[in-house]
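Here is how the chains run, residue by residue.
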Amino acid sequence: GAVVSQHPSRVICKSGTSVKIECRSLDFQATTMFWYRQFPKQSLMLMATSNEGSKATYEQGVEKDKFLINHASLTLSTLTVTSAHPEDSSFYICSARESVSYEQYFGPGTRLTVT
Amino acid sequence: LAKTTQPISMDSYEGQEVNITCSHNNIATNDYITWYQQFPSQGPRFIIQGYKTKVTNEVASLFIPADRKSSTLSLPRVSLSDTAVYYCLVVQRGSSNTGKLIFGQGTTLQVKP
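Keep in mind it's a predicted model, so treat the numbers as computed, not measured.

Turning next to the side chain of A:Ser43. Counting through the fold element by element, A:Ser43 comes out in the loop between strand E4 (30-38) and strand E5 (45-51). Overall, the relative accessible area of 16% leaves A:Ser43 in the buried class. Here B:Gly104 takes part through its backbone oxygen, which lies 2.5 Å from a polar atom of the side chain of A:Ser43. The contact partners of A:Ser43, leaving out residues within four places of it in the chain, are A:Arg37, A:Gln38, B:Tyr87, B:Phe103, B:Gly104 and B:Gln105.

This is the structure:
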């Protein structure tokens, strides 16, 4: 079956630093990937849509200069949290949409803790 | 995208059948109903998807009435490992689908021994 991986699975960083999270579709091509954020006891919130070879589309209220998204290939999208602050601590989940079937598959998530 | 409403939480016991109902009054003709399961600190996992009437797979059944304004996820004989959050989503199918999935609050199912 289609597999989406995320790296790292968890990361701790100091306030003010930047951290990059990778999302890979392992056995299929994904023209479009999505990034979600989930706070404890809350639902997933869509942050942005990542399109291969073009700029990401951000949801209302999400700072594009803080959450940098790069989708350089059909199997890889990266989310960089710049100048991270403790309030950015969250569970970040990506999903990848298969280019032919349009089926969407989720990654296992990345736990970010900013100290 | 149609908004969905489902109970915040449900309790059940091992071996029982669990039915979780979701309301989606504004569902459009091209929309499908999709259910996901999420365990703590994991990404959502696809359970089942349907358009109308009944769909069954190895883990669940999905019942959709003729007006499609609601749907019911049925989990037969639940076990402790079915304790999770269940999300009902309305998804537009096909190439016109933007792919955006908007998650509602979900239903937290607690299965007790």
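Next comes the rest of the description.
Another aspect to go through is the environment of A:Ser101. When you line up the elements, A:Ser101 lands in the loop between strand E9 (90-98) and strand E10 (104-106). Counting along the chain gives 84 residues from A:Ser101 to A:Thr17, while the straight-line C-alpha distance between them is 38 Å.

By size, the foremost hydrophobic cluster in this structure holds 24 residues, and its most contacted members are A:Trp35, A:Phe67, A:Leu79, A:Tyr92 and A:Leu112. The set of elements that each furnish at least two residues to this core consists of strand E2 (10-13), strand E3 (19-25), E4, E5, strand E7 (67-73), strand E8 (76-81), E9 and strand E11 (110-114) of chain A. The contacts of A:Phe67, once residues within four sequence positions are left out, are A:Arg37, A:Met47, A:Tyr58, A:Val62, A:Leu79, A:Thr80, A:Val81, A:Asp88 and A:Tyr92. If you look at the next biggest cluster of nonpolar residues, it comprises 21 residues, including B:Ile20, B:Leu73, B:Leu75 and B:Tyr86.

So, on to the sheet that holds strand E8 (residues 84-92) of chain B. Residues and elements named next belong to chain B. Strand order in the open sheet formed by five strands is E1-E9-E8-E3-E4, and the pairing between neighbours is mixed. Taken across any chain shown, the strands that pair with only one partner, and hence form the sheet edges, are strand E1 (9-13) and strand E4 (45-50). Here the average twist between neighbouring strands, direction ignored, is 25 degrees. The pairing of E8 with strand E9 (residues 107-112) spans three bridges and is classified as antiparallel. In the sheet register, Ala 84 faces E9, and the bridge partner there is Leu 109.

Residue and element names in this part refer to chain A. What the rule picks out here adds up to four salt bridges over all chains. Residue Glu 22 pairs with Arg 24 through a salt bridge whose shortest N-O separation is 3.5 Å. By relative accessible area, Arg 24 is classed as partly exposed at 34%. In this structure, Lys 66 and Asp 88 form a salt bridge, with 2.8 Å as the shortest nitrogen-oxygen distance. Of this pair, Lys 66 sits in the loop between strand E6 (57-58) and E7 while Asp 88 sits in the loop between E8 and E9, and the two are 22 residues apart along the sequence. Exposure remark for Lys 66: the relative accessible area of 11% places this residue in the buried category.

Thresholds, definitions, all that
Residues numbered from 1 in each chain as written. Chains lettered and ligands numbered in written order. Predicted model: local features only at pLDDT ≥ 70, side-chain atom pairs only at ≥ 80, totals over all residues. Heavy atoms only, no water. Helix = DSSP H or I, 4+ residues; strand = E, 2+ residues; numbered from the N terminus. Buried < 20%, exposed > 50% of the residue type's maximum accessible area, 1.4 Å probe, protein only. Polar contact = N/O pair within 3.5 Å; in protein donor to acceptor, adjacent residues only side chain to side chain. Contact = heavy atoms within 4.5 Å. Core = buried A, V, L, I, M, F, W, Y, C linked by side-chain atoms within 4.5 Å. Pairing = 2+ DSSP bridges. Axes fitted to C-alpha atoms, helices over the stretch in contact; angles between N-to-C directions. Salt bridge = Lys/Arg side-chain N within 4 Å of Asp/Glu carboxyl O.

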